[in-house]
Amino acid sequence: MATIPFSALPPDEAARLRSLRAVELLPALTEPVFSEFVALSARIFNLPISLISVVEETDVYYPANVGMPENKQQPRAAALCSTAVAQARAVVYHDLLLEELPDVPPQALRAAEANGLRFYAGALLLLPDQRPLGTLCVIDRVPRAFTFEEQRILELLAALVSRTVAVRHLCRLYPQTGEAQWARLSVELEEEVQALNALVRYLGARHGTLVPVPAAFLAQVESRLRDLQALLDAFHPGAH
């Protein structure tokens, strides 16, 4: 088993792992609403692969996955998602084969090459206490440009996923009312994300596929994402 270099671990790694395990993430992240988020992420950027990753002590798990169904987990040292957690920020690698990437472990670069991956962008997902849990990432098998505006939208999507994780956790703290509330909210969220996915499909069919994604397209998407954010922010688990 590959060991994780100390330099590749965040300074609060022990506390991060305690928080990660307290939230019971993996069962929650297999719920349909999270699959809808990764499907939407792939479609917005017209990319074949999108994943939610959970970076555990020695392995990285992919409970929500579009485009790489065989990739359910891998050693942490071989996972590109671990670099975002180590650096505590979003990361973008436009060409994994040709760029100089001193912050990416050699084993992760070898694994990416073996899987035929060339482009990777990952935005941090945060636990309720704001420690990193993993990433929402988009991936391609060819090199790709990725603008500041595209990265900002990916980070907004990650913030929505993080907020959804936090709400799911809060609902568990109110066993008498929280599960029923979550059941209603998760259906509403799924429907909203599906509707946004339909809008993105329509816009893509009407205007064609462009790389990078045009700013006007992203602005329409952002407006709908802000509506989702308001829905999550207005929800108070346990309230009648």
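Naming follows an unreviewed UniProt entry, where the protein chain appears as GAF domain-containing protein of Hymenobacter cyanobacteriorum.

Caption draft 1: Focus on the overall build of the protein chain. Scanning the protein chain from N- to C-terminus turns up 8 helices and 6 strands. Shown N-terminal to C-terminal, the secondary structure of the protein chain runs as helices and strands in the order α-α-α-β-β-β-α-β-α-β-β-α-α-α. Taken over C-alpha atoms, the radius of gyration comes to 18 Å for the protein chain, in line with the 18 Å a tight globule of 240 residues would show. Buried positions account for 50% of the 240 residues belonging to the protein chain. With the model as given, the accessible surface of the protein chain reaches about 11100 Å², and the carbon-plus-sulfur share is 56%.

Caption draft 2: Representation of a nonpolar patch on the surface within the structure. There is a patch of nonpolar side chains on the surface, built from Leu170, Leu173 and Tyr174 and spanning about 270 Å² of accessible area. Along the chain, the position of Tyr174 falls in the loop between helix H6 (148-172) and helix H7 (178-207). By relative accessible area, Tyr174 is classed as partly exposed at 38%.

Caption draft 3: H7, seen in detail. Under the 1.5 Å per step criterion, the end-to-end length of H7 is 42 Å for 30 residues, consistent within 8% with the ideal 44 Å. Contacts made by the buried residues of H7 are with helix H3 (32-44), H6 and helix H8 (215-233). Where H7 terminates, the next one or two residues include Gly208, which has phi positive at roughly 85 degrees.

Caption draft 4: Main features of the layout of surface pockets. Quantified by volume, the largest pocket comes out at close to 280 Å³. Leu203, Gly204, Gly208, Thr209 and Phe217 are the residues nearest the centre of the largest pocket, which is lined by 17 residues in total. Among the elements of the structure, H3, H7 and H8 are those that each provide at least two residues to the lining of the largest pocket. The element contributing the most residues to the lining of the largest pocket is H7, with 5 residues. Counted by class, the lining of the largest pocket contains 9 nonpolar, 6 polar and 2 charged residues.

Caption draft 5: Broad picture of the sheet that holds strand S4 (residues 91-93). One open sheet accounts for 6 strands, arranged S3-S2-S1-S6-S5-S4; its pairing is antiparallel. Edge positions in the sheet fall to strand S3 (73-75) and S4, since each has one partner strand and no second. Neighbouring strand axes in the sheet, compared pairwise and without regard to direction, differ in orientation by 25 degrees on average. Bridge count between S4 and strand S5 (residues 119-126): 3 bridges; the pairing is antiparallel. By the bridge assignment for S5, Tyr93 is matched with Tyr120.

Caption draft 6: Molecular detail of the environment of Leu125. Relative to the helices and strands, Leu125 resides in strand S5. Between the C-alpha atom of Leu125 and that of Ala90, which follows or precedes it by 35 residues, the distance is 9.5 Å.

Caption draft 7: Looking closely at empty space enclosed by the protein. With the rule as written, the count across this model stands at 2 cavities of 30 Å³ or more. In this structure, the largest cavity spans a volume of roughly 120 Å³. Residue lining of the largest cavity: 17 residues in total, with Tyr62, Asn71, Gln74, Leu80 and Leu117 positioned closest to the centre. If you list the elements that add at least two residues to the lining of the largest cavity, you get helix H5 (106-114) and strand S6 (132-140). A total of 3 residues in the lining of the largest cavity trace back to one element, the largest contributor, which is H5. When grouped by side-chain class, the residues that make up the lining of the largest cavity number 14 nonpolar, 3 polar and no charged. Contributing to the lining of the second largest cavity are Val23, Leu25, Ala28, Leu29, Phe34, Val165, Arg168, His169 and Arg172. Elements represented by at least two residues in the lining of the second largest cavity include exactly helix H2 (25-29) and H6.

Caption draft 8: The arrangement of the UniProt feature "domain: GAF" (unreviewed entry) in the protein chain in detail. Here, UniProt's "domain: GAF" (unreviewed entry) annotation points to residues 29-175. Counting secondary structure, residues 29-175 comes out at 37% helix and 26% strand; the distance between its end C-alpha atoms is 19 Å.

About the thresholds
- Residues numbered from 1 in each chain as written.
- Predicted model: local features only at pLDDT ≥ 70, side-chain atom pairs only at ≥ 80, totals over all residues.
- Heavy atoms only, no water.
- Helix = DSSP H or I, 4+ residues; strand = E, 2+ residues; numbered from the N terminus.
- Rg over C-alpha atoms; globule rule 2.2 N^0.38 Å.
- Buried < 20%, exposed > 50% of the residue type's maximum accessible area, 1.4 Å probe, protein only.
- Areas by Shrake-Rupley, 256 points an atom, 1.4 Å probe, with all protein chains shown as cover.
- Patch = residues over 30% accessible without salt bridge, like charges linked within 9 Å, V, L, I, M, F, W, Y side chains within 5 Å.
- Salt bridge = Lys/Arg side-chain N within 4 Å of Asp/Glu carboxyl O.
- Expected span 1.5 Å × (residues − 1).
- Contact = heavy atoms within 4.5 Å.
- 1 Å grid on protein atoms, 1.4 Å probe; cavity = no way out; pocket = protein on both sides within 12 Å on 5 of 7 lines; lining within 4 Å.
- Points joined across faces, edges and corners; volume = space filled by probe spheres on them.
- Nonpolar A, V, L, I, M, F, W, Y, C, P; charged D, E, K, R; others polar.
- Pairing = 2+ DSSP bridges.
- Axes fitted to C-alpha atoms, helices over the stretch in contact; angles between N-to-C directions.
- UniProt positions renumbered as here; feature names shortened; annotations may be inferred.

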